[in-house]
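Next come the chains, spelled out residue by residue.
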Amino acid sequence: MQMKLKLAAVAALAACGVASAQDVQVVKIGHVAPVSGAQAHYGKDNENGVRMAIEDLNAQNLTIGGKKVRFEIQAEDDAADPKQGTAAAQKLCDAKVAGVVGHLNSGTTIPASKVYNDCGIPHVTGAATNPNLTKPGYKTTFRIIANDNALGAGLALYAADSLKLKRIAIIDDRTAYGQGVAEVFKRTASGKGVQIVDEQFTTDKATDFMAILTAIKAKNPDGIFYGGMDPQAGPMLRQMEQLGLTNVKYFGGDGICTSEIAKLAGGAKTLTNVVCAEGGASLAKMPSGEAWKKKYDAKYPNQFQVYSPYTYDATFVLVDAMKRANSVDPKVYTAKLPETNFKGVTASIAFEPNGELKNPAMTLYVYKDGKKSPLN
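Residues numbered from 1 in each chain as written. Predicted model: local features only at pLDDT ≥ 70, side-chain atom pairs only at ≥ 80, totals over all residues. Heavy atoms only, no water.

Colleague: Help me out: how do you make sense of helix H4 (residues 106-119) in this one?
Modeller: One turn of an α-helix holds 3.6 residues; hence residues three or four places apart share an orientation. Its 14 residues give H4 an end-to-end C-alpha distance of 20 Å, which sits within 8% of 20 Å, the value for a rise of 1.5 Å per residue. Among all positions in H4, only Ser106, Thr108, Thr109, Ala112, Ser113, Val115 and Tyr116 are buried. Next to the buried residues of H4 lie strand E1 (24-33), helix H3 (82-94), strand E4 (99-102), strand E5 (123-125), strand E6 (141-143) and helix H6 (176-191). (Helix = DSSP H or I, 4+ residues; strand = E, 2+ residues; numbered from the N terminus. Expected span 1.5 Å × (residues − 1). Buried < 20%, exposed > 50% of the residue type's maximum accessible area, 1.4 Å probe, protein only. Contact = heavy atoms within 4.5 Å.)

Here it is in structure tokens:
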């Protein structure tokens with residue numbers, strides 16, 4: 001008899017477990033970035049930010065629309081390739097994720113934004129900086145980092161006003177990001193009277209820049225601007241040293257503004273000539289930056305690059321809109337995103353009517369003893 005009672009109790013508990021499991025609604029947040037190829041270190045860092053946010057959100061035991069929710073990540077790899085990016089976006093649409101954080105590169109984010117718009121899923125990027133992203137006016141597109149208008153212009157003004165440079169060469173990798181930030185730098189620098197002595201082009205797969213740099217050396221520049229990412233910037237700095245371009249300042253946007261570039265430069269002295277710009281405040285000046293970074297490093301040692309605090313905040317921004325709409329349905333909660341007023345790790349986040357971040361900060365960095373240090 002006692003055994004039967006015990007079995008009955010176990011069955012009752014199991015039934016309760018099934019019932020409570022059924023009451024929990026799984027809400028999927030998509031994330032896309034390159035987690036393979038030369039830019040995988042950025043992509044993994046971005047993905048870590050989303051994973052950490054989801055873990056922290058699940059710890060809150062949220063109820064939305066009368067149901068307990070459990071958030072899960074659906075992570076996709078776009079390998080920094082526009083075609084793969086749109087395929088990943090369509091996959092997330094087909095999976096009916098509630099929202100997307102991503103992508104990393106402007107070249108993948110811009111075409112993917114149309115896919116998300118067409119299927120009615122909001123996406124928030126904390127990394128893609130080309131201003132063209134928000135030009136179509138999609139109601140599903142949001143950015144929580146400064147765009148290239150701020151980064152390219154900020155670097156050009158520093159080169160002209162603070163460093164008093166007169167002759168600058170420009171190289172870009174022909175991607176949407178690289179071309180975009182280089183164009184803004186060129187326009188702003190020229191407007192300040194800086195002479196653009198040469199313009200050269202490469203690709204985001206190249207590793208040999210000797211011919212380009214030799215041509216530039218002949219023009220005797222006092223600065224080089226590179227529009228691209230760190231897998232190219234690192235070897236470029238090594239080759240600049242080999243060619244004796246050791247007194248030439250080297251500028252770039254957030255694509256080169258990583259911890260990884262110090263390793264990729266392989267001890268080249270030219271690393272000390274780097275001035276790079278990042279959209280957003282330095283970790284020390286972010287509202288919760290240093291405490292957040294300590295927690296991140298404990299969870300993901302030696303993986304931090306640039307954008308994970310932004311992808312962390314982007315995840316919270318999506319969920320904040322769901323809470324205010326009391327719905328996880330993109331058709332319902334997307335309308336709440338433009339009204340965002342969220343105190344994040346990176347900033348107090350609010351949006352302009354086109355989905356751009358209001359009052360974005362920008363920070364310039366240099367490298368001292370191989371470590372990235374904020375200038376402002």
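Here the narrative resumes, following the displayed structure.
Colleague: Hey, could you run me through the nonpolar core in this one?
Modeller: Considering soluble globular proteins, one finds that nonpolar side chains tend to be buried as a cluster. In this structure, Phe71, Leu155, Phe185, Phe225 and Met322 are the most contacted members of the largest nonpolar core, which totals 69 residues. Take this core: its biggest share by element is 10 residues, from helix H11 (residues 308-325). What Phe71 contacts, discounting residues up to four positions off in sequence, is Val27, Ile29, Ile54, Leu57, Asn58, Leu62, Ile64, Val319 and Met322. Judged by nonpolar contacts, the second largest core, of 29 residues, contains Phe209, Met236, Leu243 and Val248. (Core = buried A, V, L, I, M, F, W, Y, C linked by side-chain atoms within 4.5 Å.)

Colleague: Would you explain the packing of H3 against H4 in this entry?
Modeller: The description of two packed helices rests on the angle between their axes and on the distance between the axes. At a closest axis distance of 8 Å, the pairing of H3 and H4 adopts a crossing angle of 25°. In terms of axis orientation, H3 runs roughly parallel to H4. Seen along the crossing, H3 lies across H4 with a hand that is right-handed. Contacts from Pro82, Gly85, Thr86, Ala89, Gln90, Leu92 and Cys93 in H3 reach Gly107, Thr108, Pro111, Ala112, Val115, Tyr116 and Cys119 in H4. Split into classes, the residues belonging to the contact of H3 with H4 amount to nine nonpolar, five polar and no charged. (Axes fitted to C-alpha atoms, helices over the stretch in contact; angles between N-to-C directions. Parallel < 35°, antiparallel > 145°, perpendicular 65-115°, else oblique. Left-handed = near helix turned anticlockwise from the far one by under 90°. Nonpolar A, V, L, I, M, F, W, Y, C, P; charged D, E, K, R; others polar.)

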